[in-house]
Amino acid sequence: TNGSAPAVPSDQYDSLYLSPVTVGSSTLHLDFDTGSSDLWVFSSLQAQSSLVGHDYYMVDPAKEKQGYTWKISYGDGSGASGKVYADKVVVGGVTATAQAVEAATAVSAQFTQDVDTDGLLGLAMSTLNTVKPQQQKTFFDTVLKQLAQPLFAVDLKYHAAGSYDFGFIDKSKYTGAINYVNADTSKGWWGVSATAYSIGNASTSATVSGILDTGTTLLYVDTPIVKAYYAKVKGSKMDNTQGGYVFPCSATLPDFSLTIGGVKQIVPGKHINYSPTSAGNCFGGIQTNDGIGFSILGDIFLKSKYVIHEMGSTPRIGFAQQ
Ligand SMILES: O=C([C@@H]1CCCNC1)N1CCCCC1
């Protein structure tokens, strides 16, 4: 079977995208995350006070994987932990009958206060899964063999609902050619590298190595590139209070591109105005990857493309223009 699930922006800025998933007998709204590999959900194991505003998984003790636990920490300092169940998970009509469902007993404040997100569905490699004593498969790995093609395609959109396709490529969702590159999955993520970047019409050779991450809102690249970009934005500055580069909301933002597999993958300037700040400026969609050690090609990069993640004998990533 193949299937498709919507990816709906959680707010007017596309902070994150939520997709409906049936877990056991509940429908939850999960953040599909190609940068991690746990499927975890808000659950009836948590204190009632933590569940206010959330849909949650009603655990069935008979389905518990006894003695199994999980604990995940994300790059932004958020995290969650809990117990593990084997239950039915359905995404866009694709069913995993005994998927490892990681039921939270505790989640960090960032998740509790985001009442729209009921958990995450990881789509990176299963080697990053945090379940102990035995690592568990991602939903994609669980259903892989039932899919017509061993792939999922990501169609995130700017200020609009997109989709995740499983097992097929939807020709109605892109124009032109699909440009494939081999993926570096050695660190557990969907890794790619670029040989150049461009700001407006000016191209610069550089090696930009990073990971695709639907669960990261912005585009994080090396500091010299970020500085070169905002040097072209009148009135922009680094605002440590806001935690990144800001600019007047009326500024004209140049397009930005990364050359991957010899093809320029363009991010329209319009997409790089992420959101207004509390101080009357606007916050940039391109920010520095300082302290991370590689680039993170998050939603700002992804939302102008149809991105195929193919787990064939050689994992590949395909980029096409929406
Ligand atoms: O924790 C994360 C991200 C957080 C946002 C959601 N996707 C996973 N990592 C990816 C980047 C390197 C550090 C680990």
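Undergrad: Mind showing me how you'd approach the overall build of the protein here?
TA: In terms of helices and strands, the protein carries 5 helices and 24 strands. A burial count over the protein gives 54% of its 322 residues as buried. Across the protein, the 21 positively charged side chains and the 26 negatively charged ones have centroids separated by 6 Å.

Undergrad: Would you explain the nonpolar core in this entry?
TA: Ranked by size, the top nonpolar core spans 69 residues in total, and within it Phe139, Phe166 and Phe256 carry the most contacts. Not counting chain neighbours up to four residues away, the residues in contact with Phe139 comprise Leu39, Val89, Val91, Val94, Ala96, Gln99, Leu121 and Phe166. Trp40, Ile72, Ala104 and Leu120 belong to the second largest nonpolar core, which has 15 residues in total.

Undergrad: I would appreciate a short explanation of the sheet that holds strand E13 (residues 202-212) in the present structure.
TA: Within a sheet, each strand pairs with its neighbour through backbone hydrogen bonds, oriented either parallel or antiparallel. Spatial ordering of the open sheet is given by E18-E17-E12-E13-E22-E14-E21, a layout of 7 strands whose pairing is mixed. Single-partner strands in this sheet number two, and they are strand E18 (263-267) and strand E21 (286-288). Shown here is a sheet whose adjacent strand axes are inclined to one another by a mean of 40 degrees, direction ignored. Summarising the sheet, strand E14 (residues 219-221) and strand E22 (residues 295-297) pair through 2 bridges and their orientation is antiparallel. Its bridge partner being in E22, Leu219 is matched across the sheet by Leu297.

Undergrad: Looking at this model, I keep getting lost on the site of the ligand. Mind explaining?
TA: What surrounds the ligand is the set Asp33, Gly35, Tyr74, Gly75, Trp189, Ile211, Asp213, Gly215, Thr216, Phe294 and Ile296. Contacts to the ligand include Asp33, whose side-chain N or O atom sits 2.8 Å from a nitrogen atom. The separation between an oxygen atom of the ligand and a polar main-chain atom of Gly75 is 2.7 Å. The site holding the ligand turns out to be the largest pocket. Here the residues of the shell around the ligand are counted per class, giving 5 nonpolar, 4 polar and 2 charged.

Rules behind the numbers
- Residues numbered from 1 in each chain as written.
- Predicted model: local features only at pLDDT ≥ 70, side-chain atom pairs only at ≥ 80, totals over all residues.
- Heavy atoms only, no water.
- Helix = DSSP H or I, 4+ residues; strand = E, 2+ residues; numbered from the N terminus.
- Buried < 20%, exposed > 50% of the residue type's maximum accessible area, 1.4 Å probe, protein only.
- Lys, Arg positive; Asp, Glu negative; His and termini not counted.
- Charge placed at Lys NZ, Arg CZ, Asp CG, Glu CD.
- Core = buried A, V, L, I, M, F, W, Y, C linked by side-chain atoms within 4.5 Å.
- Contact = heavy atoms within 4.5 Å.
- Pairing = 2+ DSSP bridges.
- Axes fitted to C-alpha atoms, helices over the stretch in contact; angles between N-to-C directions.
- Near = heavy atom within 4 Å.
- Polar contact = N/O pair within 3.5 Å; in protein donor to acceptor, adjacent residues only side chain to side chain.
- 1 Å grid on protein atoms, 1.4 Å probe; cavity = no way out; pocket = protein on both sides within 12 Å on 5 of 7 lines; lining within 4 Å.
- Sits in = over half its atoms within 2 Å of the grid points.
- Nonpolar A, V, L, I, M, F, W, Y, C, P; charged D, E, K, R; others polar.

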